[in-house]
Number of protein chains: 2
Amino acid sequence: MDQNRDNEIAALRAFNRAYTARTGLLNTHLDQSPFSLSEARVLYEIAHRTDPTAAEIGRALGLDRAQISRTLKRFAERGLVETRDHPSDARNLIISLTSDGQEAFAALEGNTRAAVGALLDGFPPIRRARLLEAARTISKIVEADDEPALILRDPEPGDLGYILYRQSALYAQEYGWNGEYEVLVTKILAQFHQTFDPTMEAAWVAELDGQIVGSIFLVKGDTTGVAKLRLLYVEPDARGSGVASKLVEACIQRARDAGYTRLDLWTNSVLTAARRIYERAGFKLVDEAPHHSFGKDLVGQTFSLNL
Amino acid sequence: MDQNRDNEIAALRAFNRAYTARTGLLNTHLDQSPFSLSEARVLYEIAHRTDPTAAEIGRALGLDRAQISRTLKRFAERGLVETRDHPSDARNLIISLTSDGQEAFAALEGNTRAAVGALLDGFPPIRRARLLEAARTISKIVEADDEPALILRDPEPGDLGYILYRQSALYAQEYGWNGEYEVLVTKILAQFHQTFDPTMEAAWVAELDGQIVGSIFLVKGDTTGVAKLRLLYVEPDARGSGVASKLVEACIQRARDAGYTRLDLWTNSVLTAARRIYERAGFKLVDEAPHHSFGKDLVGQTFSLNL
DNA sequence: TACAGATCGTTGACTGAATCAACAAGATAT
DNA sequence: ATATCTTGTTGATTCAGTCAACGATCTGTA
């Protein structure tokens, strides 16, 4: 997997190159603007903060105190900013825009927005939409200061389709399963919908950091008192952080609460990671049979847990 | 929708700020490195091109000839690069790395990769994966020099699930429809799977720029000789570029080829954009009836086209 | 063939960016 | 009370970025 890491590093570097090269528009100082990029950033920070000090701005932008000092000096000479004493700390100076400064900043903002708008207009709508979505994703991730939170919740409209999509695509990609598996899951979902009994059945969607990364279903079995666990899956990127165990746990708990005496599940031997999770949860292998499905020769396994 | 444009511009600017602020690691010259960011970029270009000239590198990086000249002069003084005459154009000098230069570049590359790797390690796996996917998306879009291509193709494993997901989520978002709609679509898909007749039925997925943006289904109707058009949808971001018309066209054509004499479809009056597409394709409204479904009071419409 | 116009690399000149070091004034901890 | 930080300023230096000018060379066209 070192190969993979190299690929990831290369991808981020390629992104960095592509971004700095092609969107120099965003980073270079606007041609007709009286402000350099660095000056524009300082101005932006002054305008968007309440009673900022030079040190504060320097920290926000990662700039040296010396540079801030000189930049502010130039701004003051041009009549754009003024300073007043800090009420409680005489080392600080509070910076504010003069009316000329506000005017200059407003003009700069207008030009910048126009330039960014023109940049966006250069992309076809479908790419613009994807570009913005990706940009929002990166912003969020880069700015996040919390840990990704895992939550289990009821499915919302669209979620079952998403699960069908991910499971089918994933098993096609990882194990080469063909469309038959999608057929099977579609049937299961249709039946789940049609005969849904909220007191005895349930479905969970696992969200990690706001994104669906797994699911599990609890449905009535063929025999009274016996429930089935179905359609457990976890996204590759989210594996190894206990998502599957939490899903299985929730399912078992609900099965107990609903009064079932046994929980069965059917899986395939190639899904080795899943097997470990089932066994850790107390499931025992009770039956094993080869079958040809999904375009492959497989060994089906039935696991069972007495509740 | 000017509001929306402002949001888009703000989003891209926020992204730019976040990216330049937090990943200064990527943009700032590495602390222990003997090369500035600008020097590193020039070195990178020299190493990755065959027989580059100064002007070529300047164009690639958007740098001034004067700056390239001085940078190369410093490199030459440090014994990192050497120049030889261009065989056919005496104005050019061909630049190459000396063995010392290659060594220095290799060291720089190693350090850069390590720094980027460390940056990536700072993100939880799920975010790292999403960050990289977003970065790849942006790279591709920014570097693309072709127009987005629209293709219609057969569904692959996972695609029907994706369609279920998008339709359910979309109509929930746009019209407030509840889970009932998802149930309906799931049933349709399950039945499509179960009774699929490849000579008389078909499904298409529309891909724009490599992404699924719509679908349409042709299925047998209740009466012999009558086909049904079902589950037409197009992503909001892809609307207005003829995707829906192309899907409907493909569906009608196949219905004709399969020997059907009539093509019916059922839709709802709130889907006004769809109605225009159907009418433009020659469909006539033959029936209209109010119904309460998907959590809303709706007016169902049956359209029909004689083939 | 001759020549205008463009390209290439170099140099000078200048402003600003970035960084390091030193300093005085003021705040803070113990 | 004193050592230790923090804030803002200034000096010094190197490099980035930009404009202008220059000589050498190439290219297209009259």
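Residues numbered from 1 in each chain as written. Chains lettered and ligands numbered in written order. Predicted model: local features only at pLDDT ≥ 70, side-chain atom pairs only at ≥ 80, totals over all residues. Heavy atoms only, no water.

1. Here's the deal with the relation of the copies chain A and chain B
Phase 1: Between the two copies, chain A and chain B, the superposition gives an RMSD of 0.2 Å; the rotation angle is 180 degrees and the shift along the axis is 0.0 Å. In the structure described here, the two chain copies are related by an operation that fits a two-fold rotation axis.
Phase 2: Comparing interface residues between copies, 100% of those in chain A also lie at the interface in chain B; the contact surface is shared. (Least-squares fit on C-alpha atoms with pLDDT ≥ 70 in both. Contact = heavy atoms within 4.5 Å.)

2. Quick notes on the environment of Thr224(B)
Phase 1: As for its placement among the helices and strands, Thr224(B) is situated in the loop between strand E5 (211-220) and strand E6 (226-234).
Phase 2: On the basis of relative accessible area, Thr224(B) is assigned to the exposed category, the value being 80%. (Helix = DSSP H or I, 4+ residues; strand = E, 2+ residues; numbered from the N terminus. Buried < 20%, exposed > 50% of the residue type's maximum accessible area, 1.4 Å probe, protein only.)

3. Section: helix H3 (residues 37-48) of chain A
Phase 1: Given a rise of 1.5 Å per residue, 12 residues ought to cover 16 Å, and the 16 Å separating the end C-alpha atoms of H3(A) matches this to within 8%.
Phase 2: Those residues of H3(A) that sit buried are Glu39(A), Ala40(A), Val42(A), Leu43(A), Tyr44(A), Glu45(A) and Ile46(A). (Expected span 1.5 Å × (residues − 1).)

4. Focus: the protein's contact with DNA strand C
Phase 1: Looking at DNA strand C, there are 25 residues lining it, with Ser36(A), Gln67(A), Arg74(A), Arg91(A) and Ala55(B) nearest.
Phase 2: Take the atoms of DNA strand C that sit within 4 Å of the protein: sugar and phosphate atoms are 70% of them.
Phase 3: Between Ser36(A) and DNA strand C, the recorded distance is 2.6 Å, taken from a side-chain N or O atom to a phosphate oxygen.
Phase 4: For DNA strand C, a phosphate oxygen lies 2.6 Å from a polar atom in the backbone of Ala55(B).
Phase 5: Those elements giving two or more residues to the surface near DNA strand C turn out to be H3 and helix H5 (65-77) of chain A together with helix H4 (54-61) and helix H5 (65-77) of chain B.
Phase 6: Sorting elements by how many residues they give to the surface near DNA strand C places H5(B) first, with five residues.
Phase 7: Tallied by class, the residues present in the surface near DNA strand C amount to seven nonpolar, seven polar and 11 charged. (Near = heavy atom within 4 Å. Polar contact = N/O pair within 3.5 Å; in protein donor to acceptor, adjacent residues only side chain to side chain. Nonpolar A, V, L, I, M, F, W, Y, C, P; charged D, E, K, R; others polar.)

5. Focus on the packing of helix H10 (residues 243-257) of chain B against helix H11 (residues 272-280) of chain B
All names here are of chain B.
Phase 1: H11 packs onto H10 with a crossing angle of 45 degrees between their chain directions and a minimal axis gap of 10 Å. By the angle between their axes, H10 is oblique relative to H11. Regarding H10 and H11, the two cross each other, and that crossing is right-handed. Contacts between H10 and H11 involve Ala-244, Ser-245 and Val-248 from the first element and Ile-277, Tyr-278 and Arg-280 from the second.
Phase 2: Of the residues in the contact of H10 with H11, the class split is four nonpolar, one polar and one charged. (Axes fitted to C-alpha atoms, helices over the stretch in contact; angles between N-to-C directions. Parallel < 35°, antiparallel > 145°, perpendicular 65-115°, else oblique. Left-handed = near helix turned anticlockwise from the far one by under 90°.)

6. Quick notes on the interface of chain A and chain B
In many analyses, interface size is given as the accessible surface area lost on bringing the parts together.
Phase 1: Between chain A and chain B, the contact holds 79 residues from the first and 79 residues from the second.
Phase 2: Together, Leu12(A), Arg13(A) and Arg127(A) form the three largest contributors to the area buried by chain A at its contact with chain B, with a combined 10%.
Phase 3: Applying the counting criterion to the chain A and chain B interface returns 10 salt bridges.
Phase 4: The residue Asp146(B) makes a salt bridge to Arg127(A) at a minimum N-O spacing of 3.3 Å.
Phase 5: Connecting chain A to chain B are 18 residue pairs in polar contact (both at pLDDT 80 or more).
Phase 6: Broken down by element, the residue count for the side of chain A that touches chain B peaks at 17 residues, all from helix H7 (residues 125-143) of chain A.
Phase 7: The residue inventory of the side of chain A that touches chain B, partitioned by class, reads 40 nonpolar, 17 polar and 22 charged. (Buried area = accessible area lost by both parts, 1.4 Å probe. Salt bridge = Lys/Arg side-chain N within 4 Å of Asp/Glu carboxyl O.)

7. Describing the nonpolar core
Phase 1: Membership of the largest hydrophobic core comes to 107 residues, with the highest contact counts inside it found for Leu229(A), Phe283(A), Leu229(B) and Phe283(B).
Phase 2: Counting 32 residues, the second-largest nonpolar core is a separate cluster that includes Leu12(A), Phe15(A), Tyr19(A) and Val116(A). (Core = buried A, V, L, I, M, F, W, Y, C linked by side-chain atoms within 4.5 Å.)

8. Regarding unusual backbone geometry
Phase 1: Even without a glycine there, the phi angle at Phe294(A) is positive, about 55 degrees.
Phase 2: With respect to the element layout, Phe294(A) can be found in the loop between strand E8 (284-293) and strand E9 (296-306).

9. Quick notes on the sheet that holds strand E3 (residues 150-153) of chain B
All names here are of chain B.
Phase 1: Taken together, the seven strands give an open sheet; going across it, the order is E3-E4-E5-E6-E7-E9-E8, and neighbouring strands pair in mixed fashion. The two strands at the open ends of the sheet, each matched to only one other strand, are E3 and strand E8 (284-293). With direction set aside, neighbouring strand axes in the sheet form an average angle of 20 degrees.
Phase 2: Sitting on the sheet, H10 touches E3, strand E4 (202-208), E5, E6, strand E7 (262-268) and strand E9 (296-306), and the angle it makes with E5 is about 25 degrees. (Pairing = 2+ DSSP bridges.)

10. Thoughts on the sheet that holds strand E4 (residues 202-208) of chain A
Residue and element names in this part refer to chain A.
Phase 1: Read across the open sheet, the seven strands follow the order E3-E4-E5-E6-E7-E9-E8; overall the sheet is mixed. If you trace the sheet from one side to the other, it starts and ends with strand E3 (150-153) and E8, each paired once. Averaged over all pairs of adjacent strands, the angle between their axes in this sheet comes to 20 degrees, without regard to strand direction.
Phase 2: Pairing geometry for E8 and E9, over nine bridges, is antiparallel. The residue bridging His-292 from the neighbouring strand is Asp-297, located in E9.
Phase 3: Sitting on the sheet, helix H11 (residues 272-280) touches strand E6 (226-234), strand E7 (262-268), E8 and E9, and the angle it makes with E9 is about 15 degrees.

11. Describing the protein's contact with DNA strand D
Phase 1: The environment of DNA strand D is made up of 25 residues, and the closest members are Ala55(A), Arg70(A), Ser36(B), Gln67(B) and Arg74(B).
Phase 2: Restricting the count to atoms of DNA strand D within 4 Å of the protein gives a sugar and phosphate share of 69%.
Phase 3: One nitrogen or oxygen atom from the main chain of Ala55(A) is found 2.6 Å from a phosphate oxygen belonging to DNA strand D.
Phase 4: Between DNA strand D and Ser69(A), the relevant distance is 3.0 Å, taken from a phosphate oxygen to a side-chain nitrogen or oxygen of the residue.
Phase 5: Of all the elements in the fold, those that place two or more residues in the surface near DNA strand D are helix H4 (54-61) and H5 of chain A together with helix H3 (37-48) and H5 of chain B.

12. What about the packing of aromatic side chains?
Phase 1: Counted by the stated rule, this structure contains 31 aromatic pairs over all chains.
Phase 2: Taking the centre distance of 5.9 Å and the plane angle of 35 degrees together, the rings of Tyr175(B) and Trp177(B) count as tilted.
Phase 3: The class of Tyr175(B) is partly exposed, set by a relative accessible area of 30%.
Phase 4: Note on Trp177(B): relative accessible area 4%, which makes it buried.
Phase 5: Put simply, the rings of Tyr171(A), Tyr175(A), Trp177(A), Tyr181(A) and Phe294(A) touch in pairs and so form one group of aromatic residues.
Phase 6: Over the aromatic face of Tyr165(A) sits the side chain of Arg166(A), whose NZ or CZ is 5.2 Å from the ring centroid. (Phe/Tyr/Trp six-rings, centres within 6.5 Å; stacked < 30°, edge-to-face > 60°. Lys NZ or Arg CZ within 6 Å of the ring centre and 35° of its normal.)

This is a description of form; function is not addressed.
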